[in-house]
Amino acid sequence: MKTKSRRILRGATVLALVAASATGPAQPAQAMNYSSAPLSAWTFTDSATPTTASVKPAGNAPVGSTVDGAGTTHTRRAYFTFDLAAFRGQAIHKASLSMYETEVADCTTPAPIEIWRTGKVTDKSTWRKSPAELELVAQRTLGAGPYCPGAYVSVDVAGYVTAALARNEKTLSFGVRLAAAAEPDPKAGRSLHPMLLSMTTNTVPTVSAQRLRNPDRACGTLDRHPAAGGTTYFTATVTDPDPNAYVTTDFSLWPVDNPETKTRFGYGYGFTLVSTDLRAYPDGTVLAWSVQAKDDDDQGEWGKTCYLTIDNTAPAAAPAVIARKYVETQYPGAGGPGVAGTFLLDAQGDRDVVAFDYYENQSQISTTVAANHPGGRAKISVTPFRAGDDQLNARSVDRAGNRGPWKNYAFYVRDTAPRIDVLIGGVGLPSTINLYSRATDVTSFGFTVDGGPETTVPAVDSKATAQVVFATKGTKTIVSRSYAGKKMIGSDTQQIYVDDAPKLASAQFLFPAEPILGDQGTFTFTPRTTGVVAYLYDFGDGDQKRVDAAADGTATLAWTATKPGYFSLGVTSVTADGTRSTTAYDQFWVTDTRPAIWSDAGQCCPVRDGVGVPVRVSLSSDLPGVTGFVYSYDGGPEKTTTDGAAYTDVTVTPAHVGDSTFTARAIFADGTFSPSNTITISITNAPVVTNKGPYADYAVVGRESTLTFKPATPDVVSYRYQWIGDPDGSQTVDAAADGSAQVVWTAAYVSVPMLGVVAVSRDGTESDERRIYVEINDPGVEYEGSWNDWFPAGGVGVPGRLGFFGGWGGMADATVKYLWHVNDGAVQEVTRDENSSVTDVSYTPDRTGENTLYVQRQFTDGVLSPIRQYTLMVGAEVFVQSADYPAGSWKGGPGVAGTFHLSGGLPGVVSFDYRFTDGNGAEAAAGTAAADSSGAADVVFTPATGFSWHTLTVTGHTADGTATDETTYSFGVNQG
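All of the points below concern the structure found in this document. (Residues numbered from 1 in each chain as written. Predicted model: local features only at pLDDT ≥ 70, side-chain atom pairs only at ≥ 80, totals over all residues. Heavy atoms only, no water.)

With that settled, consider the overall build of the chain. Broken down by element type, the chain carries two helices and 71 strands. Whereas a compact globule of 976 residues would reach a radius of gyration of roughly 30 Å, the chain reaches 46 Å, over 25% beyond that. Along the first, second and third principal axes, the C-alpha set of the chain runs to 130 × 105 × 90 Å. Looking at the chain residue by residue over its 976 residues, the buried ones come to 46%. Look at the contacts in the chain between residues 6 or more apart in sequence, and 66% of them connect residues 24 or more apart. Within the chain, the 101 negative side-chain charges are centred at a point lying 9 Å from the centre of the 75 positive side-chain charges. (Helix = DSSP H or I, 4+ residues; strand = E, 2+ residues; numbered from the N terminus. Rg over C-alpha atoms; globule rule 2.2 N^0.38 Å. Buried < 20%, exposed > 50% of the residue type's maximum accessible area, 1.4 Å probe, protein only. Contact = heavy atoms within 4.5 Å. Lys, Arg positive; Asp, Glu negative; His and termini not counted. Charge placed at Lys NZ, Arg CZ, Asp CG, Glu CD.)

Listed below in structure tokens is the structure:
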């Protein structure tokens, strides 16, 4: 089945490729601008009125000659001036000058027209002073085509528009006339719709503001430029005002004294801040760099050339850290949470140091601060937010951005911050704030709510209590401070939530109470806002009721648990003006005094119960002290469970169809019983149906299975059965003397059909229909592995895997082994892997292109499945191996040689072209290695840099010049 679906997919792909070839390649997102150049002025001149000007006349443009009623000949020419201002700075991809006929004197007379680039149309343009004809743009002949009038003329004038813009001209003018020989002939005269100049343009992206970042440095000139080294960040501003522009950037870098070794980096969409590693360049090397932007249509000019000098030597010494407050390194410490401390970072005279990186462990926020002068100091402030161990980490930064070693300054923050405990009374009611501190010198505490004024309370034995009234509900931010005299020695911030939902309490029903059906008790509702006159409540059933509050705003509700189960109590307080609070919820469970009983009889789908089919009954009780159950089924004797559990399952076997009762009581440890509970178990009169295939209760395509029908009612003489949805309808089979019947059948295809069966009694009475699903499995073998039938993979001599599987449920257990071979190779066997759903074997192709895999399996009864074929598309990739630098792994280091074994790809390979590139894409080594008699070669490569990802690219060649597919092999080189 899977083979067929794969072939369909492959066919669909071929069709899609054909369609793409027919319609042209897929186009990227376009940023083109489609518009028309504004027609700023136009006119037509008339030889009969040689001094009359008519700029922007109404109607169409006449050309050629006409004779009026007085016998006067009018020869006319038309001129058009277009405004090019909107296209300045844009690339002109297409400019089409178009017009069409509106009136024709004689469609049988050819009319050769000429289009000229002319001088500008002005309000003085007349026949006598007509715009000068500068260049003949195009010639066309009208009147001979199928459309007359209506002939359409279109001329490509992109070159003329581009040239005009290059001359910084604001306008471009064109004239149209009949050729001199035809111009006097009235039969050739005609009128044209005024010219339209359609433009397809694109704003070419530009780059500006080139700089170095982190630290920030200027672009630089050859004479005056910044230093850089290590990982350096380059940035530029890319501008393209066109909508939907997809702009990519290309950063390039090269040594000034060797511009041919240009390195390209940071190429891609949206790359305006990119980095590259400059550690391969020696100190003092002067590098130039620039950046270019490109959209889908045009490539912009390279930006200005910037320069830098390589400095890869980091500051040797860590800065000195001088603390003004946090000088203690162990308990009890100094300062306190929320207490700022000043630190001096000192470069110790290293004039190459211009800044410092630092971060404090508690905040984990990294910051860079400038030194007051090269080799000088920086003063910083650090505020710990908790007591205990802390650390300030600092390092020096030079002009090139090189970072020196870290200085780790450890200190201990004294535990001075106040702790607060808020007992929330509600909204508009007093809440209590308890404050305390471990600092013995605390004389007072202060606190603010949501940034309001600070309330100060005296401390007694480092403790204090205060009252606060929250006017609204919601999240409140409390900032607390501890003071020693007037000096703040510690601070803390805490958020609390103030709610006006009432408090709910019940000793009889709410946790930790475990109420039982029939228990009586009360619920107490306490307000958490002012002016409460009543409460609305319900127990999760939507039946909301009201209870009035007493004078103090509380209310008591008497309640009796009249039914078992889960209850969700929701209570809302109501003030005199009708304002309702947030609803408070609490849940509880009322335990039934009777045991719970559940039966799987009648459960679908499909329904499985029947006469003689065991029914599972679950018994449970949440009552304390339950040790078991006594039960009876269908009027039979009582039985007792023996596992001593309060949750258990028992099995009963129905002897007849219809309803039967099941009754149970729970047994307590003292030998007493709970009240009894009774359910009805209904058994269908449908026949019991089973299927037996060659290995289990599933069927197998092409193999016989047996359906067995057993009656649930007496005097059954036949059965009517049908595969649901089968257009052939139902079939009938006679019953044996005991009322049973068997049907032998063979499945034709994989599916999980539903079978419906009805028993028919001698008097024609029909039973309920029994429906069961029958699983039909495919005996064939499914394949997955290194190769497929739609995309070539691997190559000759490149090992891969073949994976065999197939079958649901017990089909795998019924499989002993797989027999397989590729092409005309010998048949091989592999025992089924009992620990995996897929059995793998290793295979190394010996030919490229289409290979055919043949596979079948042997079942436990010795039967072999049909042979299934799979197409394996083998490519022509070279096989690369290296124990020194495994693919996808980090190993080795700078200066550590590695051997790379190259083999395979195509039969008869005589050489391999190889190329190693480093993490920046720069070539690190390249060459050609001759293959030995087995078609293999070893290449040794020694990385020059570490902590980077390297790539080996290999192509093999046969003696006749045939090339293998290109293979890439990537590996990581450790720092060393």
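Quick look at the pattern of salt bridges now. A side chain of one charge can pair with a side chain of the opposite charge when the charged atoms of the two come close. What the rule picks out here adds up to 38 salt bridges. One salt bridge in this structure joins Arg211 and Asp216, with 3.1 Å as the shortest N-O distance. Residue class for Asp216 comes out partly exposed when judged on its relative accessible area of 44%. The salt bridge involving Glu829 is made with Lys817; its shortest N-O contact spans 3.0 Å. (Salt bridge = Lys/Arg side-chain N within 4 Å of Asp/Glu carboxyl O.)

Let us look at unusual backbone geometry. Glycine aside, negative phi is the norm for most residues, and most peptide bonds take the trans geometry. Cis geometry marks the peptide bond from Tyr331 to Pro332, where omega comes out at 10 degrees. Tracing the chain through its elements places Pro332 in the loop between β20 (320-323) and β21 (341-346). If you check the backbone angles, Asn168 has positive phi at about 60 degrees while not being a glycine. Looking at where Asn168 falls in the secondary structure, it is placed in the loop between α2 (158-166) and β9 (171-178). The phi torsion at Ser462 lies on the positive side, around 65 degrees, for a residue other than glycine. Summarising the element assignment, Ser462 is placed in the loop between β30 (455-458) and β31 (463-469). Under the relative-accessibility criterion, Ser462 is labelled buried at 10%.

Scanning the entire structure with this criterion turns up two disulfides. Shown here is the disulfide that connects Cys107 with Cys148, its sulfur atoms set 1.9 Å apart. With the S-S dihedral at roughly -90 degrees, the linkage between Cys107 and Cys148 falls on the left-handed side. Of this pair, Cys107 sits in the loop between β5 (90-104) and β6 (111-118) while Cys148 sits in the loop between β7 (133-142) and β8 (152-156), placing them 41 residues apart in sequence. Residue Cys107 is classed as partly exposed on the basis of its relative accessible area of 30%. For Cys148, a relative accessible area of 24% corresponds to the partly exposed category. The disulfide that involves Cys219 links it to Cys306, with 1.9 Å between the sulfurs. Disulfide Cys219 to Cys306: torsion about the S-S bond roughly -105 degrees, handedness left-handed. Highlighted residues: Cys219 in the loop between β12 (206-213) and β13 (227-228) and Cys306 in strand β19 (residues 306-310), separated in sequence by 87 residues. Accessibility assignment for this pair places Cys219 and Cys306 in one class, buried. (Disulfide = S-S within 2.5 Å.)

For the rest of this paragraph, the subject is the layout of surface pockets. Here the largest pocket is characterised by a volume of approximately 590 Å³. If you trace the largest pocket, you find 25 residues lining it, with Asp277, Ala280, Asp918, Asn920 and Thr945 closest to the centre. Elements that contribute at least two residues to the lining of the largest pocket include exactly β17 (273-277), β68 (923-930) and β70 (948-958). Classifying every residue of the lining of the largest pocket by side-chain character gives eleven nonpolar, nine polar and five charged. (1 Å grid on protein atoms, 1.4 Å probe; cavity = no way out; pocket = protein on both sides within 12 Å on 5 of 7 lines; lining within 4 Å. Points joined across faces, edges and corners; volume = space filled by probe spheres on them. Nonpolar A, V, L, I, M, F, W, Y, C, P; charged D, E, K, R; others polar.)

A word on the pairing of strand β41 (residues 596-599). Side chains Ile597 and Ser599 of β41 all project onto a buried face; the interleaved residues Ala596 and Trp598 project onto a face where none is buried. Across four bridges, β41 lies against strand β42 (residues 615-620) in antiparallel orientation. Paired with Ile597 across the bridge in β42 is Leu619. (Pairing = 2+ DSSP bridges.)

Our focus in this paragraph is the sheet that holds strand β35 (residues 520-526). Strand order across the open sheet formed by three strands is β34-β35-β38, with antiparallel pairing between neighbours. Among the strands making up the open sheet, the edge pair consists of β34 (503-505) and β38 (555-560). Between one strand and the next, the sheet's axes are offset by a mean angle of 20 degrees, whatever the strand orientation. Bridge count for β34 against β35 is three bridges, and the pairing is antiparallel. Residue pairing for β35: Ala505 is matched across the bridge by Thr524. (Axes fitted to C-alpha atoms, helices over the stretch in contact; angles between N-to-C directions.)

Here we take up the sheet that holds strand β39 (residues 565-575). Spatial strand order, β37-β36-β39-β40: four strands in an open sheet with antiparallel pairing. Of all strands in the sheet, those bounded by a partner on one side alone are β37 (545-548) and β40 (584-590). Taken over all neighbouring pairs, the strand axes of this sheet differ in orientation by 25 degrees on average, direction set aside. Judged from the seven bridges that link them, β39 and β40 form a sheet pairing that is antiparallel. Bridging across to β40, Gly565 finds its partner in Val590.

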